[in-house]
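Each chain is listed here by its residues.
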Amino acid sequence: MDLDQFKNELNTKLATDHTHRSDADFEYLLKQKTNSFIDKIKRSLWFEIIFGFIINFGFVYAAFCAGLHSFRIYFGVFSILMYLFLFFLIYLLLKTNKIRNADLPVKSNLESYIRLLDEFIKRYLQLTMALIPICIIFSGTLGYMDNHTNQALAAAHASPKMSETVQIILAVALLIIVALGMYGMYYFTKWYLKKLYGNFLTDLKACVADLQDT
Amino acid sequence: MNAQKEFVTLLRTHQNIVHKVCNLYMDQYKDREDLFQEITLQAWKAYQSFRGDSKFSTWLYRVALNTAITFFRKEKRSPTIYTTGELPEAVADETINPIEAQLKAMYTAIGDLSKIDKAIVMLYLEDYAYQEIGEMMGITANNVAVKMNRIKTKLKEQTQKYMDTV
């Protein structure tokens, strides 16, 4: 039993097992929304850009109006970093908008999707991971500086006085918690990105591997 | 005639292509409907750049296959109710004739192929030359020939296995 033996039957079967659609049906379909993964990425990027700008207004406000000097510096620097992040998201959105590949050969189409998804996942992880240590180290440094310049904070911190050993234990404990938090955050972000696009990316890569010369 | 009307007319005339791709790639009715909609929309988006260098049917095959292979499902559906292996007009086992049983077995075996192999089989069933299939898939005609031989052997084995279990 061979594929050629059933060529006609299979072709007829595949072609006829459906409901015929009219012009009006197609015109209706053209008014619907697409659900491709490119559109999913676009929606996600739009949401993050809008949400990011709204949040950043809060940071800019805090940078100008916060009572403590360290808060103003912290939110000022953070809002600049956020703007850089937002520019990167806009760059990704423009890049995604340029993809109109549906009529390319299958292999080229798959490769361009893989490149886009790979870059999206890689840069997203890099930027998210870069922001965490910056936040923690910067806030710690500024907090320490404020402790010495702000009398109220210095007084609260000085009394009751802790022994040097307790201070070291607390500092080490804090470092461990921060390290564990960052470690956990790294794996959480990786898991989240894999959950969103990872399996799909693996699927696309398997298709390209299937197309390689045999 | 404006571009949308022209596109709709062409698509209506060639809708068999879209139905074939949907039937081959999706097991469930709802998924097939979603894919049909997605192919229609992607084809419309791509139609602005269609210059007529190739036949509309060849161009539509490329768009439909690209969309089906990279289709991102909205959500997981409930377990399969009706698979590509089940021909809708399949009759009860006691009345099924050997030819129908073989056809059903072949249909099931095609349904179990990888996304890429399904695309190649579909174009082969349409009588496209290896050179044309290669151009649509982005691989050499030689590679298509090698793949087609492997697919045929695989289908033969799978169909035989299926027939043995019936």
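Residues numbered from 1 in each chain as written. Chains lettered and ligands numbered in written order. Predicted model: local features only at pLDDT ≥ 70, side-chain atom pairs only at ≥ 80, totals over all residues. Heavy atoms only, no water.

Undergrad: Before we move on, can you summarise empty space enclosed by the protein with the specific residues and values?
TA: The full count for this structure, using the stated rule, is three cavities of 30 Å³ or more. Along its surface, the largest cavity is lined by 13 residues, and Ser36(A), Tyr113(A), Gln42(B), Thr67(B) and Thr70(B) are the ones closest to its centre. Only helix H3 (37-65) and helix H5 (106-149) of chain A together with helix H3 (29-47) and helix H4 (56-69) of chain B provide two or more residues apiece to the lining of the largest cavity. Residues belonging to the lining of the largest cavity are distributed by class as follows: six nonpolar, six polar and one charged. (1 Å grid on protein atoms, 1.4 Å probe; cavity = no way out; pocket = protein on both sides within 12 Å on 5 of 7 lines; lining within 4 Å. Points joined across faces, edges and corners; volume = space filled by probe spheres on them. Helix = DSSP H or I, 4+ residues; strand = E, 2+ residues; numbered from the N terminus. Nonpolar A, V, L, I, M, F, W, Y, C, P; charged D, E, K, R; others polar.)

Undergrad: Give me the lowdown on the confidence of the model for chain B, citing residues and values where you can.
TA: All names here are of chain B. Confidence in the prediction for chain B averages 83 pLDDT; 84% of positions are at 70 or higher. Considering only residues more than four positions removed or in separate chains, one finds that residues 77-92, a stretch of pLDDT under 50, has 34 contacts. Interface predicted TM-score (ipTM) for the complex: 0.83; the corresponding pTM is 0.78. (pLDDT = per-residue confidence, 0-100. Contact = heavy atoms within 4.5 Å.)

Undergrad: Summarise the pattern of salt bridges; cite the residues concerned and give the values.
TA: Per the counting criterion, the structure on display carries ten salt bridges over all chains. We note a salt bridge from Arg21(A) to Glu33(B), for which the minimum N-O separation is 2.9 Å. Note that Arg21(A) is positioned in the loop between helix H1 (7-16) and helix H2 (23-29) and Glu33(B) in helix H3, a pairing that runs across two chains. With a closest N to O distance of 3.1 Å, Asp34(B) and Lys30(B) form a salt bridge. In this pair, Asp34(B) and Lys30(B) are both assigned in helix H3, four residues apart and thus about one turn of the helix distant. The exposure class assigned to Asp34(B) is buried, which follows from its relative accessible area of 11%. Within the structure, one salt-bridge network assembled from shared partners comprises Lys95(A), Glu119(A) and Arg123(A). (Salt bridge = Lys/Arg side-chain N within 4 Å of Asp/Glu carboxyl O. Buried < 20%, exposed > 50% of the residue type's maximum accessible area, 1.4 Å probe, protein only.)

Undergrad: Go over a nonpolar patch on the surface, please, and point to the residues and values.
TA: All names here are of chain A. A grouping of Ile168, Val172, Ile176 and Leu180 is seen on the molecular surface, where their side chains present a nonpolar patch of about 370 Å² in accessible area. Following the sequence through the fold, Ile168 ends up in helix H7 (residues 164-211). Residue Ile168 is classed as partly exposed on the basis of its relative accessible area of 49%. (Patch = residues over 30% accessible without salt bridge, like charges linked within 9 Å, V, L, I, M, F, W, Y side chains within 5 Å. Areas by Shrake-Rupley, 256 points an atom, 1.4 Å probe, with all protein chains shown as cover.)

Undergrad: Describe in detail the side chain of Thr189(A), supporting the description with residues and values.
TA: Residues and elements named next belong to chain A. With respect to the helices, strands and loops of the structure, Thr189 is situated in helix H7. Overall, the relative accessible area of 7% leaves Thr189 in the buried class. Here Thr189 is in contact with Leu125, Thr128 and Met129, once residues within four sequence places are set aside.

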